[in-house]
Amino acid sequence: IMKTVPDIQEGPHARILPRHRESIVFKDVSFSYEPGVPVLQDVSLRIAAGEMVAFVGSTGAGKSTLLDLLPRFYDATSGSIAIDGIDIRHVTLHSLRKQIGIVSQEVLLFHDSIANNISSGCSEKGMGEIMEAARIAHAHDFIMAQSEDYQTLVGDRGILLSGGQRQRIAIARAVLTDPSILMLDEAASALDAESEKLVQEAIDRLRGGRTILVVAHRLSTIRKADRIYVLEGGRVVETGTREELMALNGRFRQLYEMQFRTSDPS
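Starting from 1, residues in each chain are numbered consecutively following that chain's sequence as written. Selection of residues for local features in this predicted model requires a pLDDT of at least 70, selection of side-chain atom pairs for listing and counting requires 80 or more, and totals for whole chains, interfaces and linings are taken over all residues. With hydrogens and water set aside, each side-chain value is computed from the structure's full complement of heavy atoms.

Please explain unusual backbone geometry as it appears in this structure.
Generally, phi is negative for residues other than glycine and the peptide bonds are trans, each holding for most cases. Within the chain, Asp-28 stands out as a residue other than glycine whose phi angle is a positive 50°. In DSSP terms, a helix is any run of H or I states spanning at least four residues, a strand is any run of E spanning at least two, and both are numbered starting from the N terminus. Tracing the backbone through its elements, the reader meets Asp-28 in strand β1 (residues 23–34). Despite not being glycine, Asp-178 shows a phi value in the positive range, around 55°. In this fold, Asp-178 is placed in the loop between α6 (163–176) and β7 (181–185). Only protein chains enter the area calculation, which uses a 1.4 Å probe; residues under 20% of their type maximum are buried, those over 50% are exposed, and those in between are partly exposed. We classify Asp-178 as partly exposed; its relative accessible area is 40%.

Printed below as a string of structure tokens:
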């Protein structure tokens with residue numbers, strides 16, 4: 001395994017990517033895991049720095065795959081992705097991935113202290129910085145309520161914490177790296193309503209200071225998104241604010257009403 005050569009490689013003249021300050025642009029991006037079986041087809045979109053955008057759609061629509069292309073976990077089959085006008089295939093992997101924080105549905109925590117789990121990958125960070133990241137992630141209060149606060153052991157895979165607590169630690173970990181781009185992939189989909197609300201409040205605190213890309217199954221978590229992209233069959237079929245998409249009476253409204261038929265009449 002250690003000798004395996006990654007499929008994704010830097011070019012011989014790869015440059016360092018400066019900190020993201022302008023835009024992320026997908027241009028005519030298509031992707032297939034297997035030849036002839038497209039997962040994404042001709043996706044074009046532009047995200048301004050500091051925006052929070054969301055991607056919604058049916059299972060298998062290509063939402064998570066779209067996010068996986070940005071840090072080059074995979075390369076687009078065709079088309080291009082640029083950050084601040086620079087094609088991501090022309091920059092070093094380290095400078096690209098250093099700018100991206102990722103919080104997914106499955107949180108990886110180690111059998112270690114809360115502090116060490118937050119600072120994983122950022123061992124040079126001090127306790128003050130760890131605590132500030134936890135405050136931003138809406139995690140400080142529950143951490144201080146633990147038996148040994150930040151030195152409390154979380155158990156294997158964080159088993160001694162609730163799902164919402166694990167997610168907020170994952171957000172604190174992402175915040176500590178100070179990414180210019182934050183990707184949240186179904187970060188609240190497996191949580192109860194109370195935990196989802198706390199995770200959503202943590203996400204709201206991050207808005208403006210960095211570009212946020214959210215893949216969401218629960219549409220309640222993206223009420224404040226600047227723009228929503230609706231994907232079906234690997235294509236963007238609708239885009240707009242929540243209000244604009246509701247007024248279209250299209251696919252987004254169908255998805256929304258399936259979730260909120262008995263609660264939110266708007």
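I'm lost on the environment of Ala-225 in this one. Help?
Here Ala-225 shows up in the loop between β8 (211–215) and β9 (227–232). Residues Ala-225 and Asp-204 lie 21 residues apart in sequence; the distance between their C-alpha atoms is 9.5 Å.

Please explain the environment of Lys-27 as it appears in this structure.
Among the structural elements, Lys-27 can be located in strand β1. Judged by relative accessible area, which is 52%, Lys-27 ranks as exposed. C-alpha separation for the pair Lys-27 and Ile-102, spaced 75 residues apart in sequence, amounts to 23 Å.

Help me understand the sheet that holds β8, please; the structure alone is not making it clear to me.
Within a sheet, neighbouring strands are paired by backbone hydrogen bonds and run either parallel or antiparallel to one another. Pairing in this open sheet of 6 strands is mixed, and the strands run β6-β7-β8-β3-β9-β10 from one edge to the other. Only two strands of the sheet have a single partner each, and these edge strands are β6 (100–104) and β10 (235–240). Ignoring strand direction, the axes of neighbouring strands in this sheet form an average angle of 20°. In this structure, β9 lies alongside β10, joined through 5 bridges in antiparallel fashion. Among the inter-strand pairings, Glu-232 is bridged to a residue of β10, identified as Arg-235. Contact definition: two residues touch when any of their heavy atoms are within 4.5 Å. Only the stretch in contact is used when a helix axis is fitted, and all axes are lines through C-alpha atoms; the angle between N-to-C directions ranges over 0 to 180 degrees. In this fold α6 packs onto β6 and β7, with an angle of close to 175° to the strand it touches most, β6. Here, a strand pair is defined by DSSP locating no fewer than two bridges between the strands.

Help me understand α6 in this model?
The periodicity of an α-helix, 3.6 residues per turn, causes residues three or four positions apart to be oriented the same way. The end-to-end C-alpha separation of α6 is 20 Å, in line with the 20 Å expected for 14 residues at 1.5 Å each. Most of α6 sits inside the fold, with 12 of its 14 residues counted as buried. Turning to α6, its buried residues number three or more, namely Gly-164, Gln-165, Gln-167, Arg-168, Ile-169, Ala-170, Ile-171, Ala-172, Arg-173, Ala-174, Val-175 and Leu-176. In the segment just after α6, Asp-178 is the residue with positive phi, at about 55°. Given a helix with a known number of residues, its expected span is that number minus one, times 1.5 Å.

Can you walk me through the nonpolar core in this structure?
If you look at soluble globular proteins, the nonpolar side chains tend to sit buried side by side. Counting 46 residues, the largest nonpolar core has Ile-118, Ile-171, Ile-222, Ile-228 and Phe-252 as its most contacted members. In contact with Ile-118, not counting residues within four places along its chain, are Ile-130, Ala-134, Ile-143, Tyr-150, Ile-169, Ala-172, Arg-173 and Leu-176. As used here, the term nonpolar core means buried Ala, Val, Leu, Ile, Met, Phe, Trp, Tyr and Cys residues forming a set that is joined through side-chain atoms within 4.5 Å. In this structure, Ile-24, Ile-47, Ile-83 and Val-91 belong to the second largest nonpolar core, which totals 31 residues.

Can you help me understand a nonpolar patch on the surface in this one?
A patch consists of residues exposed above 30% relative accessible area that lack any salt bridge, with like charges linked at up to 9 Å and nonpolar side chains (Val, Leu, Ile, Met, Phe, Trp, Tyr) linked at up to 5 Å. Each accessible area value is a Shrake-Rupley result obtained with a 1.4 Å probe; residue values ignore everything except the protein chains displayed when judging cover. In what follows, salt bridge is the name for a side-chain nitrogen of Lys or Arg lying within 4 Å of a carboxyl oxygen of Asp or Glu. Where nonpolar side chains cluster on the molecular surface, the patch consists of Tyr-33, Phe-73, Tyr-74 and Ile-102 and spans about 380 Å² of accessible area. With respect to the helices and strands, Tyr-33 occurs in strand β1. Its relative accessible area of 43% is what places Tyr-33 among the partly exposed residues.

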